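# Topology and contacts: notes
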Amino acid sequence: PYACGWWYRKVFTAPPAVAGDGHFSLYFGGINYRGEIWLNGHQIGDLSTVAGAYRTYTFDITEFIHPGGENILAVKTTAPTEKDLGINWVDWNPCPPDKEMGLWGAVDLVQTGAVTVHSPLVVTHFPGANLALADLTVYAELHNATGATVKGIVSGTAVGIHFQQPIELAPHEDRTVVFDAKDLPELRVRDPKLWWPFQMGDPHLERVTVAFSTEGHVTDEQGAEFGIREITSELTSNGSRLFRVNGKPILIRGAGWSSDLMLRSDESRLRDQFRLVRDMRLNTIRLEGKLETDQFFHLADEQGILVMLGWCCCDHWEHWKDWTPEDLQIAKASLRSQMLRLRHHASLLVWLNGSDNPPPPDVERAYLQVEADSHWPNPTLSSATEKQTTVIGETGVKMTGPYDYVAPSYWYAGLRFGGASGFNTETSPGPAIPSLASRRKFLSDPEAWPPSSNWNLHNGGGDFVNLKVLGQAMEAIYAKPVSAAQYERIAQTMEYDSERAMFEAYAKNKYSSTGVIQWMLNNAWPSMIWHLFDYYLDTGGGYFGAKKACEPIHIQYAYDDRSVVAVNSTYAPVTGLHATVHVHNLAWKELYGTEATVNLAADSVERIATIPESLYSGAERLFIIDLTLTGPNGNPVSRNFFWVPGTSTTFDWEKSDYTHTPAARHEDLTALANLPPAQLDSQAELESTVNGRELRVRLTNHSQVLAFQVRAAVRTASGDLIAPVLWSDNWIEL
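This report concerns the structure included in the present document. (Residues numbered from 1 in each chain as written. Predicted model: local features only at pLDDT ≥ 70, side-chain atom pairs only at ≥ 80, totals over all residues. Heavy atoms only, no water.)

### Considering the overall build of the protein chain
Filter applied, for reference: The way it works is that DSSP assigns letters per residue, a run of H or I at least four long becomes a helix, a run of E at least two long becomes a strand, and they are numbered from the N terminus. For the radius of gyration, the atom set is restricted to C-alpha positions; the globular benchmark scales as 2.2 Å times the number of residues to the power 0.38. With a 1.4 Å probe rolled over the protein chains alone, any residue whose accessible area is under 20% of its type maximum counts as buried; one over 50% counts as exposed, and the rest are partly exposed. For accessible areas, the Shrake-Rupley method is used with a probe of radius 1.4 Å. Any residue's cover is judged against the shown protein chains and nothing else. Counted as positive: Lys and Arg. Counted as negative: Asp and Glu, with His and the chain ends omitted from the count. The location of each charge is read from NZ of Lys, CZ of Arg, CG of Asp or CD of Glu.
From N to C terminus, the protein chain includes 10 helices and 38 strands. The C-alpha radius of gyration of the protein chain comes to 28 Å, within 12% of the 27 Å expected for a compact globule of 734 residues. Once the C-alpha set of the protein chain is aligned to its principal axes, its extents read approximately 90 × 60 × 55 Å. By residue count, 56% of the 734 residues in the protein chain fall in the buried class. Surface summary for the protein chain: the accessible area is close to 29,400 Å², and the carbon and sulfur share equals 50%. Taken as two groups, the 59 positive and 86 negative side-chain charges of the protein chain have centres that lie 3 Å from each other.

Next comes the structure, spelled out in structure tokens:
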């Protein structure tokens, strides 16, 4: 299918030529995969020169364009084959049948003078122990579009500082121009306003502009936003990759991004997704391939969200033994294009030259040379795995999964697998069942039980084509569902419990654990697996479990040592907190209680109490652990609620594979599936605020039984979805 390719054609009127600005270029921001390009009947690109999904292209069309007149641009695109470095989808969702063939980036007509400027970059280095002094280095790329030598001045401004230098360019020469604080003391900035991830401070952005002028005429000028910030990384004493922003350590807590299945771009939807990321208090998004639009990276800069990015796994990108010399050249050109396009963004954390595998030495050296030549300013890793290379060496990260359901205690017990040690670049408890309101939007039988083949189409690929691991665990731990509604409810509770435990375990163990990336954040299409919010931006149990775990000041229970700890994820000390710990049985008889005053250092973890081991050896099979943390004024800071089995799941570690570690014996939480109904009253008040419409919901439990995993949702009168909605908390207990 689609062997014939896509054609694009556009008739346009070009602006008239202006004295000194008579050079015209066409810029293509993304063509998948090969292209043939004609302007006014003249071929300016062919299948040998236009190849590579992640390359960008600039064509000088001065001799072919009709300034001030009508022009015809025609582009033919050809789909990638399995032997091409195209855009791939792995097992997240189906690949579109046209394999994303076509123009996925912008097409721009550019008019300049003789010399063009592109890709300005500002790099920050703090020479001292504090952040009061920042050395800036400015880079820009120049191109002489003429066949004659051109003399002129390169000048620019950044942070209110002006800089310039004379330069002479040979015919058709490309050159990188550099302005360095060592040579230009004015680029040493005192008391700068810094860019921080939003949880660490203000993501303040500055602007740099660079221009070239000759004989008093500016031939071209380019600008870019940047942040004064320095990102570094190091290996900790246990070999974990620790990242620092402006010298301060940061526990990476993020999730994996998926572009839309058809690569559609919607700025409003994109902004909504970034709002959801910040609402969960995640600090990082990982892109595996899918190098996204300029607007994505602008929002990441603006919102203070870090971005991990690099090449994809599981297809020709990692089939290096099958590469031809042309493949290596396409890969290098693709990398250079993306380095120059993205390098100025403040949000970029690290580049990965491979995903599931590191490149062989010859490819890795070629990549590193491109990164050095393009002055990539951030750390680089050879892959998302622990596999070492002879070139870069240790990565300090792991990619051990799991990708399917595991019980909450796994994240504390499985330290040499996917549990909370080191930096796990891909992991999750797997399935994420959308709500009925969402399922109505993509299924003809959203309430079918058992799930139909329509449902199964929206599972994953490979080893994730069914949800049997979740189903078996659900039946053993809670109950065998008898309806789609019960299945959804229990599945979302299981997701809440395990997602919360995953993020909490990594927080408790910082900085022997240094990062965790939930696989995944979102979906390319409506899916039953791997998301924290679904395709329609609806939020379920996993979303609120992650949000709870990532509270700035947080109280939590640890499954490994029965401890209660407080986590300060801010960079300021917090004193005078008051913690209360209550342990009940299911009949709400208190079995244990304690309280304590808590003082937290900046970015710290503090043990508050340890629940007695003797409690677990008694007759009780299930414990309800209710934790609260209040401020000096008595206002709540954090509340957390756990349902803990007397005997935790035991795992069959010998049978671990990349999908998950199976349970040798499941925990028993069946009593929770048979709770008597609670009598709840709700009151809602809707008001208009500066942030839009705000709904305040007050819930009251009038009964003598626990109201477990209560969920509030906003729907239309007919029960249809309204999303996204940002709740302060959800999936709660009273």
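That covers the picture; the talk isn't over yet.
### A few points about the packing of helix α3 (residues 325-342) against helix α4 (residues 361-373)
Note the cut-off: Between N-to-C directions, angles cover 0 to 180 degrees, with each direction set by a line fitted to C-alpha atoms, over the stretch in contact for helices. An angle counts as roughly parallel when it lies under 35 degrees, as roughly antiparallel when it exceeds 145, as roughly perpendicular when it falls between 65 and 115, and as oblique in every other case. Crossing chirality is assigned from the near helix's rotation relative to the far helix, an anticlockwise turn below a right angle marking it left-handed and a clockwise turn marking it right-handed. The contact rule is simple, with two residues in contact once any of their heavy atoms fall within 4.5 Å. Amino acids outside the nonpolar list (Ala, Val, Leu, Ile, Met, Phe, Trp, Tyr, Cys, Pro) and the charged list (Asp, Glu, Lys, Arg) are all regarded as polar, and Gly is one of them.
α4 packs onto α3 with a crossing angle of 30° between their chain directions and a minimal axis gap of 9 Å. Taken together, α3 and α4 sit at an angle that is classed as roughly parallel. In the crossing of α3 with α4, the sense of the turn from one axis to the other is right-handed. For the pair formed by α3 and α4, the contact residues are Leu-328, Ala-331, Lys-332, Leu-335, Arg-336 and Met-339 on the first element and Val-363, Ala-366, Tyr-367, Val-370 and Glu-371 on the second. A per-class count over the contact of α3 with α4 returns 8 nonpolar, no polar and 3 charged.

### What about the sheet that holds strand β29 (residues 563-568)?
Pairing between the strands of a sheet comes from backbone hydrogen bonds, and it takes one of two forms, parallel or antiparallel. We apply this condition: Two strands pair if DSSP finds at least two bridges between them.
Spatially, β28-β29-β32 is the arrangement adopted by the 3 strands of the open sheet, whose pairing is antiparallel. Unpaired on one side and paired on the other, β28 (553-557) and β32 (604-610) mark the two borders of the sheet. Strand after strand, the sheet turns through a mean of 20° between neighbouring axes, direction not considered. As judged from the 5 bridges shared by β28 and β29, these two strands associate in the antiparallel manner. Residue pairing for β29: Ile-553 is matched across the bridge by Asn-568. Strands in contact with helix α9 (residues 484-508) are β28, β29 and β32; relative to β28, the strand with the most contacts, it is inclined by about 105°.

### Describing the side chain of Glu-36
Put simply, the rule is: What makes a salt bridge here is a side-chain nitrogen of Lys or Arg within 4 Å of a carboxyl oxygen of Asp or Glu, nothing more.
Secondary-structure assignment places Glu-36 in strand β4 (residues 34-39). Buried charge Glu-36 goes without a salt bridge, the closest partner of opposite sign being Lys-76 at 4.2 Å. With sequence-adjacent residues up to four places away left out, Glu-36 is seen in contact with Gln-43, Gly-45, Asp-46, Leu-47, Ala-74, Val-75 and Lys-76.

### Digging into the nonpolar core
This is how the line gets drawn: By nonpolar core we mean a set of buried residues, namely Ala, Val, Leu, Ile, Met, Phe, Trp, Tyr and Cys, connected to one another through side-chain atoms within 4.5 Å.
With 180 residues, the main nonpolar core has Leu-309, Leu-521 and Trp-643 as its most contacted residues. Top element by residues in this core is α9. It accounts for 11 residues. In contact with Leu-309, not counting residues within four places along its chain, are Leu-287, Leu-291, Phe-297, Leu-342, Leu-348, Val-350, Trp-351, Leu-352 and Trp-376. If you look at the next biggest cluster of nonpolar residues, it comprises 17 residues, including Phe-12, Phe-28, Tyr-57 and Ile-61.

### Section: unusual backbone geometry
With omega at 10°, the peptide bond leading from Asn-32 into Tyr-33 counts as cis. Residue Pro-402 is bonded to the preceding Gly-401 through a cis peptide linkage, with omega at 0°. By the secondary structure assignment, Pro-402 is in the loop between β25 (380-381) and α5 (410-413). Here the phi dihedral of His-172 falls at roughly 60°; this positive angle occurs in a residue that is not glycine. With respect to the helices and strands, His-172 occurs in the loop between β13 (161-169) and β14 (174-180). The class of His-172 is partly exposed, set by a relative accessible area of 48%. We note that Gln-709 has phi near 50°; this positive angle belongs to a residue other than glycine. Mapping Gln-709 onto the fold places it in the segment after β38 (692-701). Take Gln-709: its relative accessible area is 0%, and that puts it in the buried class.

### Section: the pairing of strand β2 (residues 23-28)
Where β2 meets strand β9 (residues 107-112), 6 bridges bridge the pair, whose relative direction is antiparallel. Considered in β9, the bridge of Phe-28 is made with Val-107. With 4 bridges connecting them, β2 and strand β6 (residues 57-60) associate as antiparallel partners. Of the residues in β6, the one forming a bridge with Tyr-27 is Thr-58.

### So, the packing of aromatic side chains
So the rule is basically this: Pairing of aromatic rings covers Phe, Tyr and Trp, the last through its six-membered ring, and needs centres within 6.5 Å; plane angles under 30 degrees mean stacked, over 60 mean edge-to-face, and all others mean tilted.
Considering all chains together, one arrives at 39 aromatic pairs under this definition. Seen from their ring centres, Phe-296 and Phe-297 are 5.2 Å apart, and the 80° between their planes marks the pair as edge-to-face. Per residue, the accessibility class of Phe-296 equals that of Phe-297, and both read buried. One aromatic cluster in this structure is built from Tyr-54, Trp-104, Trp-311, Trp-317, Trp-351 and Trp-376.

### Notes on the packing of helix α8 (residues 468-477) against α9
Two elements in contact, α8 and α9, have axes whose closest approach is 11 Å; the angle formed by their N-to-C orientations is 95°. One finds that α8 runs roughly perpendicular with respect to α9. Of the residues in α9, those in contact with Leu-470, Ala-473 and Met-474 of α8 are Tyr-487, Ile-490, Ala-491 and Met-494. Looking at the contact of α8 with α9, its residues break down into 7 nonpolar, no polar and no charged.

### Remarks on the pattern of salt bridges
If you walk through the whole model with that rule in mind, you get 32 salt bridges. Its salt-bridge partner being Lys-655, residue Asp-652 comes within 3.7 Å of it at the nearest N-O pair. Judged by relative accessible area, which is 21%, Asp-652 ranks as partly exposed. Overlapping salt bridges, with partners in common, bring together Arg-439, Glu-488, Asp-538, Arg-711 and Arg-715 in one network.

### Here we look at a nonpolar patch on the surface
Condition: Each patch is built from residues that are more than 30% exposed by relative accessible area and take part in no salt bridge. Like charges join if they lie within 9 Å; nonpolar side chains (Val, Leu, Ile, Met, Phe, Trp, Tyr) join within 5 Å.
On the surface, Leu-686, Leu-695 and Val-697 cluster together into a nonpolar patch covering about 250 Å² of accessible area. Of note, Leu-695 is situated in strand β38.

### Some points on helix α2 (residues 294-303)
Buried within α2 are the following residues: Phe-296, Phe-297, Leu-299, Ala-300, Asp-301 and Gln-303. Residues of α2 that are buried in the fold lie against β21 (252-257), α1 (267-279), β22 (284-288), β23 (306-310), α3 and β24 (348-352). One or two positions beyond α2, positive phi appears at Gly-304, with a value near 75°.

### Here's the deal with the sheet that holds β2
Strand order in the open sheet formed by 3 strands is β6-β2-β9, and the pairing between neighbours is antiparallel. This sheet does not close on itself; its edge strands, each paired only once, are β6 and β9. Neighbour-to-neighbour, the strand axes of this sheet turn through a mean angle of 25°, independent of strand direction.

### Some thoughts on the environment of Thr-610
The test is simple: Think of a polar contact as two N or O atoms within 3.5 Å of one another; within protein, one of them needs to be a possible hydrogen donor and the other a possible acceptor, and neighboring residues in sequence only count if both atoms come from side chains.
Inspection of the secondary structure assignment puts Thr-610 in strand β32. Overall, the relative accessible area of 31% leaves Thr-610 in the partly exposed class. A sequence separation of 45 residues divides Thr-610 from Val-565, and the C-alpha atoms of the two residues are 8.8 Å apart. The residues contacting Thr-610, other than those within four sequence positions of it, are Asp-561, Arg-562, Ser-563 and Tyr-592. Within the structure, Thr-610 has its side chain in polar contact with the side chain of Arg-607 (distance 2.9 Å).

By themselves these figures say nothing about function.
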